[in-house]
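Structural description and commentary
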Amino acid sequence: MTDTISTALKTGQMFINFGPQHPSTHGVLRIALTVEGEVVVKADPDVGYLHRGMEKLFEARTYSQALILTDRLDYVSAMSNNLAYCLAVERLAGIQAPLRAQYLRVLTAELNRIASHLVFFGTFSVDMGAFTPFLYAFREREMILDLFEMLCGGRLLYSYIRVGGVNADLPAGWTEKCREFITFFKPRLKDYDTLLSFNPIFRDRTVNVGRISASQAISWGLSGPNLRASGPDYDVRKAEPYCVYDKLDFKVPVAQAGDCWNRYYCRMLEMGQSVEIALQCLDALAAADLVPGEIMAKGVPKMLKPPAGAAYAHIEASRGDLGFYAVADGSLNPYRMHVRGPSFLNVAILQEILTGCKIADVVAVLGSLDIVLGEVDR
Amino acid sequence: MTTETIQPLSEPVFNHANGRLLMPDNRYWPSRKWESPWSLPAYRSGAAVLAGLLSGAAAAAWLVGELGPRVTPLYYAAGHYALSLGVPAFLIKIVWTVIKAALLLAVPLVNALFAVWWERKISAHIQSRLGPMYVGRFQGCLQTVADGIKLFLKEDIVPDSADRLVHLLAPVVVVIPAIMVFAPVPFGRELIFADLDIGTVYVFAVGGVSVMGVIMAGWASGNKFSLLGGLRAAAQLVSYELPRTFAVIPVVMLAGTLNISAIAGFQAGYWGGLLPRWFIFYPVVGQVAFIVFLIASVAETNRVPFDIPEAESELVAGFNTEYSGMKFALFFLSEFAYVLLSCLLMAAFFFGGGEPPLPLLGFLPSWAWFLAKTLTLMFCFLWFRWTFPRFRVDRLMDFNWKFLLPVSLLNIAAAGVLIWFIS
Amino acid sequence: MKNYLSFVADAFVNTLKGLWVTLEVMCLPVITVQYPTEKLVPYPRFRGMLAYDAKVCIACGMCVRACPSRCIALAKAAPVGDTMRHGVPARIEWYTIDYGRCNFCGLCEESCPTKPVKALWHSLDYEAVFSTREEMTRRWERGDTLWGTARGADGQFAAVADQIHIQNVPVRPFDRHSP
């Protein structure tokens with residue numbers, strides 16, 4: 001009986017290109033979907049539309065010139081890229097940045113984490129159909145960008161964190177503005193929770209959607225909030241502390257369910273924790289024992305020539321575990337600079353997660369992974 | 001590099017090179033502006049302008065007075081004059097009907113003009129921005145006119161694989177009921193185009209014809225995604241008509257009539273001299289009926305959170321993707337016409353349309369109160385759109401069949417109990 | 001049943017709370033800056049369009065080497081008597097910047113060694129507009145006067161109203177024989 005019905009109805013699979021141009025833009029990503037009715041049968045992420053040959057470009061530039069290329073990897077949170085790169089090169093060259101520079105690095109990296117998670121929050125809510133939180137997120141982000149403009153002159157791509165320290169010290173009046181921003185921002189996080197996180201329609205669309213189990217997350221190499229929302233408690237800032245994270249007191253949000261809502265909410269909680277870290281850094285910078293102006297290690301040559309060797313440094317960037325593997329051959333240019341981009345590994349799990357999802361959930365799952373194509377394609 | 005101070009400029013600086021005003025930086029941080037908005041002169045003057053506009057409108061309404069009772073004497077006077085000139089009676093009736101039809105046509109057009117502008121301003125202020133400011137001297141009020149002219153002048157593109165006749169007729173089938181449906185709806189006391197005794201049934205019946213137009217639009221685009229979108233839209237529209245109608249049944253039961261202006265008039269008077277006898281104040285039944293009607297109306301008009309049919313994100317394109325220029329404008333117009341209709345119906349059914357909320361506010365005419373209530377409800381529609389995310393398609397249908405419909409049926413039962421209680 | 005009712009009540013309350021948030025924001029002032037009638041002045045460290053002072057430049061070529069995008073080119077000149085500044089002759093023959101390649105990183109400004117003012121700096125101009133690719137390369141010649149002002153001798157910015165605008169700098173003539 002069922003045989004006659006299925007052959008009589010002639011159901012088949014349809015191939016849809018969730019193409020490089022689509023309205024829920026997270027960059028130029030193409031997912032080749034094979035759907036049967038409403039359910040996705042096969043999903044194939046197709047990356048490479050933003051490939052710029054960065055790892056090759058690194059080899060043609062000196063270490064300080066290559067720094068500005070790293071901004072353009074994960075362009076939404078450029079400070080983290082700079083930081084990872086500088087840590088790798090410092091490890092190669094055996095340089096240690098002074099304490100004040102390290103506090104400044106942590107402060108800017110955490111502010112950038114807030115800015116990046118705000119972009120995630122805004123774009124995720126647009127994917128879900130709520131347009132207002134996007135503008136709220138960018139209103140807050142504008143203040144962070146203004147702070148960075150005061151500090152280093154750039155609003156999106158900073159090149160602030162340099163090999164050996166940072167580029168410039170805080171201008172007068174910056175700490176007051178930063179505290180002003182933090183005082184303004186803390187109640188806004190509660191607003192976002194009321195507006196979006198606990199909204200029944202939003203929860204309806206994201207709870208129990210796109211579940212990733214802990215073993216799946218580990219075997220596919222996820223990192224960052226994507227991993228922590230599924231259970232494993234791994235944060236590079238706690239596991240292998242760099243800069244001054246071992247001196248700072250903060251928590252890392254971990255969830256068990258591993259669905260879209262948990263990934264989203266982990267990032268919201270991370271924003272709150274970044275605010276705490278930023279306050280502690282501001283207090284430390286204001287303390288008398290950190291000499292103002294000591295922002296660069298002594299004796300770093302203008303044309304850096306690290307001895308031949310290899311080094312790897314990884315940090316907890318906004319997207320996950322960002323690592324730089326630097327190989328030097330004693331010349332002015334790096335011999336090889338490989339980027340372990342967390343979004344590249346995060347996007348691979350779509351193959352497994354999207355099968356069995358409805359078409360309408362593809363957008364939710366993709367949004368909750370929070371990928372930036374600059375990091376995927378380099 | 002020496003540490004330099006960030007000196008915020010205390011005065012705006014005029015750039016002589018290009019003749020523009022340079023603004024200092026510290027004024028636009030929300031933390032400074034939002035701490036004490038009343039300290040900003042621009043905020044105070046904006047609030048004063050708003051208060052002035054409202055009180056000016058109220059004064060103008062009070063001066064004009066009741067419009068409804070003036071229409072019939074005017075009609076009789078003009079009719080007698082025409083009869084005395086020798087014009088046959090049936091011709092007078094025809095001319096009067098044509099005049100009423102022309103005014104009826106004007107209702108959704110004027111509504112679109114105002115509602116689109118208001119929606120853009122409200123959405124802008126919810127999002128901390130300004131909205132239209134440029135076209136028209138005051139806050140961009142002529143923006144919709146400019147957009148209408150633009151849509152009028154756009155090229156009309158019909159896809160190759162589309163059925164030309166159906167493609168042409170679909171917007172017509174959607175828009176004509178959207179205009180006709182305003183006929184039995186009161187705009188004030190005795191201010192009605194056609195005082196039908198079956199007004200309620202007429203409104204819901206004629207409103208249902210537009211669904212045919214949506215299906216035709218989806219089919220005529222010759223594009224499988226638009227077809228799917230059109231069918232989905234039609235399914236949504238048809239299913240949400242049920243709780244909408246069932247929510248009105250308690251009102252009809254309590255009022256004992258289907259005539260909309262009679263229902264509105266039934267709600268005159270006050271309990272204890274203070275609480276108006278509006279249906280929304282009836283215990284449980286009124287509130288539940290209003291909420292169900294509101295939610296179902298938002299779904300009927302394809303507004304967020306129920307706007308899957310016209311959502312640009314998601315894979316499936318909406319049913320109006322292949323329409324450009326004036327045809328698209330007609331779909332848009334019909335959406336706002338149905339929003340206005342829902343607001344008018346809610347004002348008439350639940351808020352005692354035309355009756356002032358307090359006895360001492362009776363100096364304003366009934367049409368002003370009707371307008372105020374309608375605009376407040378329209379504000380709710382706009383407010384919902386910019387606050388909520390969108391339902392997923394299957395959850396949308398679940399919400400209707402598993403929640404709204406049972407609730408509206410239970411509400412009818414509760415209304416029966418209430419009536420037995422009252423009598 | 002109780003679960004269902006509490007879920008409905010919870011959803012209702014959360015919906016109303018969300019509506020209240022948007023209503024509150026609607027009644028607060030907007031944060032829009034109405035460009036182009038109102039323009040914000042960037043902060044002093046802002047890296048806008050590059051500006052160049054031919055009289056101060058000593059043609060050392062540090063900026064050429066520092067630039068990661070190779071957008072600067074220059075040629076030295078023998079000193080000529082009538083283009084003196086602070087008693088030092090101008091050393092530059094011509095100097096071009098290709099704004100299409102510049103990525104506004106500031107490495108050239110940091111590498112410029114002249115004191116007390118730099119010869120190459122990022123102005124606060126963010127409004128430069130070009131219509132053709134050839135227009136993006138601008139050239140300064142020996143003897144050109146400087147348009148606008150940079151940081152003064154005390155290292156502080158001059159009036160921002162007098163900042164340089166790139167449109168005032170001449171376009172490099174498109175000539176095969178001149179770089």
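Above this text sits the structure in question.
This section reports on the structure supplied with the text. Source: prediction; values computed, not measured. Throughout this document, residue positions are counted from 1 along each chain, in the order its sequence is written. As they are written, the chains are lettered A onward and the ligands numbered 1 onward, keeping that order. In keeping with the model being predicted, local features are shown solely for residues with a pLDDT of at least 70 and side-chain atom pairs are shown and tallied solely at 80 or more, while totals for entire chains, interfaces and linings include all residues. Computation of side-chain values covers all heavy atoms of the structure but excludes hydrogens and water.

1. Focus on the overall build of chain A
Rules: Comment: elements are numbered from the N terminus, with helices defined as DSSP H or I runs of at least four residues and strands as E runs of at least two. A radius of gyration in this sense is built from C-alpha atoms; the matching globule rule multiplies 2.2 Å by the number of residues raised to 0.38. Accessible area is worked out with a 1.4 Å probe on protein chains only. A residue is then buried under 20% of its type maximum, exposed over 50%, and partly exposed in between. Any two residues having at least one pair of non-hydrogen atoms within 4.5 Å are treated as being in contact.
Scanning chain A for helices and strands turns up 16 helices and eight strands. Against the 2.2 N^0.38 benchmark of 21 Å for 378 residues, chain A shows a C-alpha radius of gyration of 22 Å, consistent with a compact globule. Principal-axis analysis of the C-alpha atoms places the extent of chain A at approximately 85 × 50 × 35 Å. Considering chain A as a whole, with its 378 residues, one finds that 63% of them fall into the buried category. Put simply, of all contacts in chain A between residues at least 6 apart along the chain, 72% involve residues at least 24 apart.

2. Remarks on the sheet that holds strand S7 (residues 321-328) of chain A
All names here are of chain A. Condition: For two strands to be treated as a pair, DSSP must find no fewer than two bridges joining them. Note on geometry: axes are lines fitted to C-alpha atoms, helical ones only across the stretch in contact, with angles between N-to-C directions running from 0 to 180 degrees.
On the basis of which strands lie adjacent, the open sheet formed by three strands has the order S6-S7-S8 and antiparallel pairing. What marks the edges here is a single partner per strand, and that holds for strand S6 (309-316) and strand S8 (336-340). Between one strand axis and the next, the sheet turns through 10° on average, direction left out of account. Pairing between S6 and S7: eight bridges, direction antiparallel. Note on S7: the bridge partner recorded for tyrosine 312 is tyrosine 325. Each of S6, S7 and S8 is contacted by helix H4 (residues 78-93), which is oriented at about 150° to S6, the strand it contacts most.

3. Considering the pairing of strand S6 (residues 92-98) of chain C
All names here are of chain C. The buried count for S6 comes to five of seven residues, which makes it a mostly enclosed element. Where strand S3 (residues 72-76) meets S6, five bridges bridge the pair, whose relative direction is antiparallel. Within S6, the position partnered with alanine 73 by the bridge is threonine 96. Direction of pairing for S6 relative to strand S8 (residues 137-141): antiparallel, over a ladder of five bridges. Bridge pairing in S8 links tryptophan 94 to glutamate 141.

4. A word on the interface of chain B and chain A
A common way to report how large an interface is uses the accessible area buried once the components associate. Note the threshold: Buried area is a sum: the accessible area each of two parts loses on coming together, probed at 1.4 Å, counted once for each and added. Whenever Lys or Arg places a side-chain nitrogen within 4 Å of a carboxyl oxygen from Asp or Glu, that contact is recorded as a salt bridge. Think of a polar contact as two N or O atoms within 3.5 Å of one another; within protein, one of them needs to be a possible hydrogen donor and the other a possible acceptor, and neighboring residues in sequence only count if both atoms come from side chains. Nonpolar residues are Ala, Val, Leu, Ile, Met, Phe, Trp, Tyr, Cys and Pro. Charged residues are Asp, Glu, Lys and Arg, and all others, Gly as well, are polar.
The interface of chain B with chain A comprises 33 residues on the first partner and 40 residues on the second. Between chain B and chain A, the buried area comes to about 3,400 Å², and carbon and sulfur atoms account for 64% of it. Across the chain B-chain A interface, the total number found is three salt bridges. Between Lys358(A) and Asp394(B) there is a salt bridge, and its shortest N-O distance comes to 3.9 Å. Linking chain B with chain A are seven residue pairs in polar contact (both at pLDDT 80 or more), by the criterion used here. Sort the elements by how many residues they give to the side of chain B that touches chain A and helix H1 (residues 30-35) of chain B lands first, with four residues. When its residues are assigned to classes, the side of chain B that touches chain A shows 13 nonpolar, eight polar and 12 charged.

5. A word on the environment of Gly210(A)
Residues and elements named next belong to chain A. Mapped onto the elements of the fold, glycine 210 is located in the loop between helix H8 (200-206) and helix H9 (214-219). Taking relative accessible area as the criterion, glycine 210 reaches 8% and is therefore assigned buried. In the structure, glycine 210 is positioned 51 residues away from tryptophan 261 in sequence and 9.3 Å away in space, judged by C-alpha atoms. When neighbours within four sequence positions are excluded, glycine 210 is seen to be in contact with Gly258, Asp259, Cys260, Arg263, Ile353 and Val365.

6. Focus: the side chain of Arg228(A)
Residue and element names in this part refer to chain A. Among the structural elements, arginine 228 can be located in helix H10 (residues 225-228). The exposure class assigned to arginine 228 is buried, which follows from its relative accessible area of 0%. Setting aside residues up to four positions removed in sequence, arginine 228 forms contacts with Tyr234, Asp235, Val252, Pro253, Val254, Ala255, Glu270 and Glu316.

7. Quick look at the packing of helix H6 (residues 164-180) of chain B against helix H11 (residues 326-350) of chain B
For any two helices packed against each other, the geometry comes down to the angle between their axes and how far apart the axes lie. Residue and element names in this part refer to chain B. Note the cut-off: Just so you know how the angles are binned, under 35 degrees is roughly parallel, over 145 roughly antiparallel, 65 to 115 roughly perpendicular, and the rest oblique. Less than a right angle of anticlockwise turn of the near helix away from the far helix marks a crossing as left-handed, whereas a clockwise turn marks it as right-handed.
Packing of H6 against H11 brings their axes to within 9 Å, and their N-to-C directions diverge by 25°. Relative to H11, the element H6 lies roughly parallel. In the packing of H6 onto H11, the handedness of the crossing is left-handed. Residues His167, Leu168, Ala170, Pro171, Val174, Val175, Pro177 and Ala178 of H6 touch H11, and the partners they reach there are Lys327, Leu330, Phe331, Ser334, Ala337 and Tyr338. Across the contact of H6 with H11, the residue classes tally to 11 nonpolar, two polar and one charged.

8. So, the sheet that holds S8(C)
All names here are of chain C. The strand order across the open sheet built from three strands is S3-S6-S8, with neighbouring strands paired in antiparallel fashion. Here the strands that pair on one side only, and so sit at the sheet edges, are S3 and S8. Averaged over all neighbouring strand pairs, the angle between strand axes comes to 10°, with direction disregarded.

Any functional reading would require information beyond the geometric quantities listed.
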